[in-house]
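# Fold and contact review
This is what each chain is made of:
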Amino acid sequence: MALFYISLGAVFFLIAIAWFGFVALYSQVENSGFGFGFIMGVFPALLSMLLIVPSTLYRTVFVFTQKPKQTMKAKVTLVIGLLITLLYSGAIIKLAFT
């Protein structure tokens, strides 16, 4: 179940990144819709954070304690979840110290 949540969160993460990129490229800063577009991109980003971070931590602890045999798909999903968790952690640390 944790792998499903990580996969679903990764999809929402990609949607948020695409949304932010689209807004940044095709909106003008002077337009009032620019800020609204970025705010709308925060929702899939938060949803992905809520899905990925706890599931990745749970799955990582499970893998290290139980040492189950994993398929390649499970390994790739866990690595993607760890990378996104590190990105979110880095962003939170950066926001806290600036």
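Conventions used here
Residues numbered from 1 in each chain as written. Predicted model: local features only at pLDDT ≥ 70, side-chain atom pairs only at ≥ 80, totals over all residues. Heavy atoms only, no water. Phe/Tyr/Trp six-rings, centres within 6.5 Å; stacked < 30°, edge-to-face > 60°. Helix = DSSP H or I, 4+ residues; strand = E, 2+ residues; numbered from the N terminus. Buried < 20%, exposed > 50% of the residue type's maximum accessible area, 1.4 Å probe, protein only. UniProt positions renumbered as here; feature names shortened; annotations may be inferred. Core = buried A, V, L, I, M, F, W, Y, C linked by side-chain atoms within 4.5 Å. Contact = heavy atoms within 4.5 Å. Expected span 1.5 Å × (residues − 1).

The geometry of an aromatic ring pair is captured by the separation of the ring centres together with the interplanar angle, meaning the angle of the planes. The tally for this structure, following the rule as stated, stands at 5 aromatic pairs. Their ring planes at 75° and their centres at 5.7 Å tell us that Phe-13 and Tyr-88 sit as a pair that is edge-to-face. Of the two residues, Phe-13 sits in helix H1 (residues 2-26) while Tyr-88 sits in helix H3 (residues 72-96), which places them 75 residues apart along the sequence. Accessibility assignment for this pair places Phe-13 and Tyr-88 in one class, buried. The interplanar angle of 65° and the centroid separation of 5.0 Å between the aromatic rings of Phe-34 and Phe-38 together place this pair among those described as edge-to-face.

In the numbering used here, UniProt assigns the "transmembrane region" (unreviewed entry) feature to residues 5-27, 33-53 and 74-97. Segment residues 33-53 splits into 100% helix and 0% strand. End C-alpha atoms: 30 Å apart. In the segment residues 74-97, helix accounts for 96% and strand for 0%; the C-alpha atoms at its two ends are 35 Å apart.

Its place among the elements puts Ser-7 in helix H1. In this structure Ser-7 comes out as partly exposed when scored by relative accessible area, which is 31%. Through-space distance from the C-alpha of Ser-7 to that of Gly-81 is 7.9 Å; in sequence the pair is 74 residues apart.

It is worth spelling out the nonpolar core at this point. By size, the foremost hydrophobic cluster in this structure holds 7 residues: Ala-10, Phe-13, Ala-16, Ala-45, Ile-52, Ile-84 and Tyr-88. In terms of residues, this core owes the most to one element, H1, which gives 3 residues. Setting aside residues no more than four positions away along its own chain, Ile-52 makes contact with Ile-6, Gly-9, Ala-10, Gly-81, Ile-84 and Thr-85.

Looking now at H3. For H3, built from 25 residues, the straight-helix expectation of 36 Å at 1.5 Å per residue is met to within 8% by its first-to-last C-alpha distance of 36 Å. Those residues of H3 not exposed but buried are Ala-74, Thr-77, Leu-78, Gly-81, Ile-84, Thr-85 and Tyr-88.

Right, let's talk about the environment of Gly-9 for a bit. The residue Gly-9 is located in helix H1 in this model. For Gly-9, a relative accessible area of 0% corresponds to the buried category. Taking the C-alpha atoms as reference, Gly-9 lies 8.4 Å from Gly-81; in sequence the two are 72 residues apart. Apart from the residues within four sequence positions on either side, Gly-9 is in contact with Ser-48, Leu-51 and Ile-52.

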